[in-house]
Amino acid sequence: MDTPGNLFVVAAPSGAGKSSLVKALLELDSHLAVSISHTTRPPRGQEVEGREYHFIEEPTFRDMVMEGAFFEWAEVHGNLYGTSRIAIEQRLQDGEDVVLEIDWQGALQIKRLFPNAVLIFILPPSWDELLQRLQRRGEDPPPVIETRMANARLEVAQAKHFDYVVINAVFETALFDLKAIVHAQRLKYSRLRRSKAAVFRALHLD
Ligand SMILES: Nc1nc2c(ncn2[C@@H]2O[C@H](COP(=O)(O)OP(=O)(O)O)[C@@H](O)[C@H]2O)c(=O)[nH]1
Ligand SMILES: Nc1ncnc2c1ncn2[C@@H]1O[C@H](COP(=O)(O)OP(=O)(O)O)[C@@H](O)[C@H]1O
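The shown structure was predicted, so the numbers you read here are calculated from the model rather than taken from an experiment. (Residues numbered from 1 in each chain as written. Chains lettered and ligands numbered in written order. Predicted model: local features only at pLDDT ≥ 70, side-chain atom pairs only at ≥ 80, totals over all residues. Heavy atoms only, no water.)

### Quick look at the UniProt feature "domain: Guanylate kinase-like" (unreviewed entry) in the chain
Part 1 of the argument: Feature annotation in UniProt places "domain: Guanylate kinase-like" (unreviewed entry) on residues 5–183, given in this structure's numbering.
Part 2 of the argument: Between the end C-alpha atoms of residues 5–183 the distance is 13 Å, and the span holds 44% helix and 23% strand. (UniProt positions renumbered as here; feature names shortened; annotations may be inferred. Helix = DSSP H or I, 4+ residues; strand = E, 2+ residues; numbered from the N terminus.)

### Quick notes on the pairing of strand β8 (residues 118–123)
Part 1 of the argument: Among the six residues of β8, five are classified as buried, and the element is accordingly described as predominantly covered.
Part 2 of the argument: Bridge analysis of strand β1 (residues 7–11) against β8 gives four bridges, and the strand direction is parallel. Note that in β8 the partner of Phe8 across the bridge is Val118.
Part 3 of the argument: Relative to strand β9 (residues 164–167), β8 runs parallel, the two being bridged by four bridges. The residue bridging Ile120 from the neighbouring strand is Tyr164, located in β9. (Buried < 20%, exposed > 50% of the residue type's maximum accessible area, 1.4 Å probe, protein only. Pairing = 2+ DSSP bridges.)

### Concerning the packing of helix α1 (residues 18–28) against helix α7 (residues 171–188)
Part 1 of the argument: One can describe the packing of α1 onto α7 by two numbers: an axis separation of 10 Å at closest approach and a directional angle of 60°. When the axes of α1 and α7 are compared, the pair comes out oblique. The chirality of how α1 crosses α7 is right-handed. The residues of α7 that touch α1, namely those facing Ser20, Leu21, Ala24, Leu25 and Leu28, are Phe171, Ala174, Leu175, Leu178, Lys179 and Val182. (Axes fitted to C-alpha atoms, helices over the stretch in contact; angles between N-to-C directions. Parallel < 35°, antiparallel > 145°, perpendicular 65-115°, else oblique. Left-handed = near helix turned anticlockwise from the far one by under 90°. Contact = heavy atoms within 4.5 Å.)

### Remarks on the site of ligand 2
Part 1 of the argument: Taken together, 15 residues surround ligand 2, and among them Gly15, Ser19, Ser20, Arg137 and Asn168 come closest.
Part 2 of the argument: With respect to ligand 2, the backbone of Gly17 contributes an N or O atom lying 3.0 Å from an oxygen atom.
Part 3 of the argument: Here Ala169 contributes a backbone N or O atom positioned 3.0 Å from a nitrogen atom of ligand 2.
Part 4 of the argument: In the complex, 77% of the free accessible area of ligand 2, which totals 580 Å², lies under the protein chains.
Part 5 of the argument: Secondary-structure elements contributing two or more residues to the shell around ligand 2 are α1 and α5 (127–137).
Part 6 of the argument: If one sorts the elements of the shell around ligand 2 by residue count, α5 sits on top with four residues.
Part 7 of the argument: Residues that form the shell around ligand 2 fall into these classes: four nonpolar, six polar and five charged. (Near = heavy atom within 4 Å. Polar contact = N/O pair within 3.5 Å; in protein donor to acceptor, adjacent residues only side chain to side chain. Areas by Shrake-Rupley, 256 points an atom, 1.4 Å probe, with all protein chains shown as cover. Nonpolar A, V, L, I, M, F, W, Y, C, P; charged D, E, K, R; others polar.)

### Here's the deal with the nonpolar core
Part 1 of the argument: By size, the foremost hydrophobic cluster in this structure holds 24 residues, and its most contacted members are Ile120, Ile122, Val166 and Leu178.
Part 2 of the argument: Of all the secondary-structure elements, those providing two or more residues to this core are β1, α1, β8, α5, α6 (142–156) and α7.
Part 3 of the argument: Ranked by the residues each element gives to this core, the list is headed by α7, at five residues.
Part 4 of the argument: Ignoring anything within four residues of it in the chain, the contact list for Val166 reads Ile120, Phe121, Ile122, Leu123, Ala174, Asp177, Leu178 and Ile181.
Part 5 of the argument: Formed by 17 residues, the second largest nonpolar core is a distinct cluster that contains Phe71, Ile88, Leu92 and Ala107. (Core = buried A, V, L, I, M, F, W, Y, C linked by side-chain atoms within 4.5 Å.)

### Examining the pairing of β1
Part 1 of the argument: Of all the five residues making up β1, five are buried; the element is thus mostly covered by neighbouring parts of the structure.
Part 2 of the argument: Burial of β1 is two-sided: the residues Leu7, Val9 and Ala11 facing one way and the residues Phe8 and Val10 facing the other way are all buried.
Part 3 of the argument: Examined bridge by bridge, β1 and strand β7 (residues 97–101) share four bridges and lie parallel to one another. Bridge pairing in β7 places Phe8 opposite Val99.

Written out as structure tokens, the structure is:
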């Protein structure tokens, strides 16, 4: 599917910093919006329905799968997560850019549907630092952190399928890298492509 808006997909092991980075990126860029996924995971302390996720029960999720409501969905750390069509379709058609914060399985499904999607994988600088970030965040009990650390080893092996790998050691450096990736894509596509087309016509280059 080719759309006027750009689609960016950010994946990372839990705790690598993707939500913090995407939030900071959105604050700098009014043409970017994050897609709100549906999940069967219970909300964490500060999470609000419709802001971080749409929190739904598993039967509702399964009904949505049957109705074809999702572009992609996957089971991650024992819960179901999915990107609904209504979360992103209209915005992309309107020429606005969208970021998906989803796992690697979802990212690869999106790439098949949207070949121009830009896949970005965020890595932590070390396993120790990943563990410390999960502990410092203080949102997940120890067994959940253990599962996420074990899954992280499998997840990072998928980074090779992504267009870009960004290392989140120093936050500002990683944010700068993300901004550069978004900018590079816009130079190729969407609004800038349209304004380029106008100049090409004016110069009789088309
Ligand atoms: N495939 C897919 N994965 C998702 C979606 N939404 C979130 N995820 C992923 O599910 C995993 C767990 O997310 P979450 O429970 O919020 O934990 P966190 O990554 O530690 O903040 C992360 O890898 C998310 O990127 C989605 O719509 N589809
Ligand atoms: N570059 C960084 N250096 C130190 N701590 C970070 C960095 N990036 C994120 N964090 C912290 O690590 C924790 C996990 O980040 P978060 O964005 O929730 O990760 P994810 O969304 O990938 O699970 C948070 O407490 C966040 O403030």
